[in-house]
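Read off the chains here:
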Amino acid sequence: MSLSISTIINGEPRSIAIDDPRVSLLDLLRERLDLTGTKKGCDRGQCGACTVLVDGRRVNACLTLAVSVDGAEVTTIEGLARGDLLHPVQAAFIEHDGFQCGYCTPGQIMSAIGLIQENHAGSDPERIRELMSGNICRCGAYQGITEAVLEAREAMSEKNRSDAA
Amino acid sequence: MSPESISPILQQGRHGSNAGQPLTRRDGVLKVTGRATYAADNHPRGMLYAVTAVSTIARGRVTSLDVAAAKAHPGVVEVITPANRPPLSHNPAEKMPPFGFRVEVLQDDTVRYVNQPIALVVAETLEAATEGAALLNPRYETAPARTGRDNGDRYAPPAIGVGSPPRTAYGDIEAGMASATRVTTAEYSTPAQYHNAMEPHAVVAEWDGDRVTLDMPNQALALSAGAYAKYFGIPPENVLIRSPFLGGGFGSKAILNGPQILGILAARMLQRPVKLALTRAQMYGPVGHRGATWQTLRIGTEDDGRITALHHHSLSATSSFDDFIEPAANSSLPLYASPALLAEHEGLRLDTGTPGPMRAPGEASGSAALEVAIDEAAQACGMDPLAFRLANYAETEPGTNKPFSSKALRECYDQGASRFGWSTRPLEPRQMRDENGLLVGWGMGTAVFHCPHFPAEARATLRADGTALVETGGADMGQGAWTALAQIAAEALGLDPDQVELHSGISNLPDGGIAGGSGHTASAGLALHNAGEDAIAQLSELATSDEASPLYGAGNVGVVARHGRLHRRDDETRSESYADILARARRREIVGTAKANRSPDVAEGHALLSHGAVFAEVKVDPDLGQMRVSRLVGAFAAGRVINPRLVQSQYFGGMIWGISFALQEEAITDRRTGRIMNADLAEYHVPVNADVPSLEAILVPEQDDIVNVLGVKGVGEIGVTGTVGAIANAVWHATGVRVRRFPIKIEDLL
């Protein structure tokens, strides 16, 4: 069986032949497209390590069938930096030590970007903690993660203001 | 954390050194861009996927597997079972010293625990291998599972932990109890816990003749390479382990396990690269865990609160076929002064996978029980818990009377208590409420952790351009080793850290020792330090014996290495750059090498320990019993701090593990079947962001000139200790209910 999907991955239009309908978006990215930045921690939507943006919304790539992203736009951790210029969330994670082993980090960053863009959290650390709770960090870098999201949100809204001006 | 926010004393700089600076992680950009390569990210050409089929019973044997059905599935290449498993050169039923356990690698049809591998399916795709494993439809002959204290087999273990004696006694324990005015006795239990590193154990194995390359997360490269060599009957130098990044380890990636060996075996059998990654559920069995304990503490006290005898007994669970006895009772040995001490252990055989070291093995479980018992003894004496601990402050190591190499515990108590506001704490429980009517409680615990040292080697190469390459086969599972080790090497070499390139995380480098026991920075760091000094000594020799050098003849007064130049010690204006010295000597490079170990005198003559004090506030809903940790302040003294940003993160991580231990983590076994009912990350609770309040970790200055020349102790595990007890004691203080079973649950308070 061969299924063909058209999708935009990190800004690049792709036409992908998928030979097996069981393939998840996570395994498509990791095993077939060599986009291994997205991580597999549980493969059942419980840890958030595989979080990517599909049409700007946060999804668990492990719970998403690859064929279902036909026509959609997918953004992964590899699609954030512009050359050497890090996304504000990426830079803030480094500055606030929002990770240790780094394995959950791509998912944390994608979740953070999603929630900042959706503007659910505002600048309330309690809300940020709640809304980042779908991403488990076993090393326990939560304090740095929360600080990073707060700072990045500020940096992104400043940038938006200056872009609008 | 900005450099300005670090107090000068914590920077502890040495003649222009960058050590002590809160540098951000060297691997930060790689980790935030997804370019850090973990084992399962590798994909050599022609790679196959292996998936283990695992047992669903805890004890018995496999009577049939539908191999034909699995093989018939499109894409399946091979099914490996005990019937066709190729031979191994090491008997898996024999332990592999010093740290290796017995492993299950399809040597027979016996099932010893749930999630034991019973077959391996190899296929062209992950989907086909997964489906193939599901088609095996195993049938079993099932025996009753031993699941707990009432049906497990008790025994006297010959050793506990890693080769420690099961019983340690100082003084006359019963005489001590007899001389006490009161004795408090209680039993505490801790559950089985699973490491649950975010990265599942994985291996990508590729053979080339009798050489094999293994991409795998690994906390002990040289040791593991040697062990794999024995399993596969090849020389150790033919095993190349690449482990540039580990997605967490916590002890579970230091020791060989069955599934990874099977993945490597499949690659050799099929002569193609093979990737094997465990599922989350499969991590609850063959890759170690923290064994359950049932601990009894008896504490004799006098009227003034002084301890006359401390007796700690631990019944520690292990598997039916191997021994790892959680050395929990030993937590009572190094901390509180007592004329009589007795720590003893019994083993309990259950039908589980063999436990192993998990972040603060022994110390975490033992400290949890000890710190609550101490709180209970203080309560019995009518004393404030901090005053009680100070009344029993050990000025030398209890039992041995050895001096401490350093001990700033009193400062930890002072600074932590002051920051937390401990002095206003009411003595009686159930006295405080917040503005919403929630019960508020304050509790504390003492943190303590030993300072092991592992033999390690390193190489430091000064290059013609004045920069350096330093190499040691270490492991960074998130501690920040790549950054801290580079800082240590840069200090020894008199260079800025950004002039130092660090190679590590691969087994063909000088042996960097083990990343465990909170000893990696000290061990690999000392090797790098010594290698750097060796390189500088060679460079000095070149310069001071060269008439054309401004340093000519300075051999006797000596030189100082700083910012890429050697300076005369007695006249620092006379100096020369490394690059100039090398160029005139027509040397492309200078290679310094070193082996580093601890001098036996240091450990013989001193107690080597890190200390800390943790203060916790919890809020409890009086009607619903819901608990939350609302504040946690830890103050820790662990010798010299190489990088305060990273050390703070290590303390935070440990304290969050303490929250987890106190209130969340527990593997729950179905007593009928021996199956773990919550073998996933939704039901096996670990803290999420919303579970963690604002944390504070105070880095208490401590100078230690004895533990090693770096003055470095260790910070990776101490944060777990003390914290568990502090939270449990705060729950008591909030509610008046003393819970002695971890994790503390809502129903315990209702």
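Small disclaimer: the values here were computed from a predicted structure and weren't measured.

### Structural notes on the pattern of salt bridges
All names here are of chain B.
Move 1: Evaluation of the coordinates by the stated rule reveals 55 salt bridges over all chains.
Move 2: Note that Asp-304 is salt-bridged to Arg-306, the shortest N-O span being 3.0 Å.
Move 3: Here Asp-704 and Lys-713 are joined by a salt bridge, their closest N and O atoms 3.8 Å apart.
Move 4: The buried category is assigned to Lys-713, whose relative accessible area is 2%.

### Some details on the interface of chain B and chain A
Move 1: Each partner contributes to the interface: chain B provides 62 residues, whereas chain A provides 45 residues.
Move 2: Taken together, both faces of the contact between chain B and chain A bury some 4,300 Å²; the carbon and sulfur share is 53%.
Move 3: For the chain B face of the interface with chain A, the top three residues by lost area are Val-32, Met-198 and Asn-689 of chain B, together amounting to 19%.
Move 4: A salt bridge links Arg-22 of chain A to Glu-131 of chain B; the nearest nitrogen and oxygen atoms lie 3.6 Å apart.
Move 5: At the surface where chain B touches chain A, the tally comes to 29 residue pairs in polar contact (both at pLDDT 80 or more).
Move 6: Every element with two or more residues in the side of chain B that touches chain A is listed here: α2 (28–33), α4 (126–134) and α15 (644–663) of chain B.
Move 7: Here the side of chain B that touches chain A takes nine residues from α15 of chain B, the largest share from any one element.
Move 8: Among the residues making up the side of chain B that touches chain A, the classes are represented as 32 nonpolar, 18 polar and twelve charged.

### Some words on empty space enclosed by the protein
Residue and element names in this part refer to chain B.
Move 1: Per the stated rule, a full pass over the model turns up seven cavities of 30 Å³ or more.
Move 2: In this model, the largest cavity occupies a volume close to 190 Å³.
Move 3: Phe-101, Pro-286, Val-287, Gly-288 and Thr-354 are, among the 22 residues lining the largest cavity, the residues nearest its centre.

### Structural notes on the sheet that holds strand β1 (residues 48–54) of chain B
Residue and element names in this part refer to chain B.
Move 1: Across the sheet, which stays open at both edges, the seven strands sit in the order β3-β5-β1-β13-β10-β11-β12 with mixed pairing between neighbours. What marks the edges here is a single partner per strand, and that holds for β3 (76–80) and β12 (239–242). Averaged over all adjacent pairs, the angle separating strand axes in this sheet is 20 degrees, with direction ignored.
Move 2: Two strands pair when backbone bridges link them, and β1 and strand β5 (residues 117–123) are joined in this way by six bridges, in the antiparallel orientation. Looking at the pairing, Ala-50 lines up with Val-122 of β5.

Calculation notes
Residues numbered from 1 in each chain as written. Chains lettered and ligands numbered in written order. Predicted model: local features only at pLDDT ≥ 70, side-chain atom pairs only at ≥ 80, totals over all residues. Heavy atoms only, no water. Salt bridge = Lys/Arg side-chain N within 4 Å of Asp/Glu carboxyl O. Buried < 20%, exposed > 50% of the residue type's maximum accessible area, 1.4 Å probe, protein only. Contact = heavy atoms within 4.5 Å. Buried area = accessible area lost by both parts, 1.4 Å probe. Polar contact = N/O pair within 3.5 Å; in protein donor to acceptor, adjacent residues only side chain to side chain. Helix = DSSP H or I, 4+ residues; strand = E, 2+ residues; numbered from the N terminus. Nonpolar A, V, L, I, M, F, W, Y, C, P; charged D, E, K, R; others polar. 1 Å grid on protein atoms, 1.4 Å probe; cavity = no way out; pocket = protein on both sides within 12 Å on 5 of 7 lines; lining within 4 Å. Points joined across faces, edges and corners; volume = space filled by probe spheres on them. Pairing = 2+ DSSP bridges. Axes fitted to C-alpha atoms, helices over the stretch in contact; angles between N-to-C directions.

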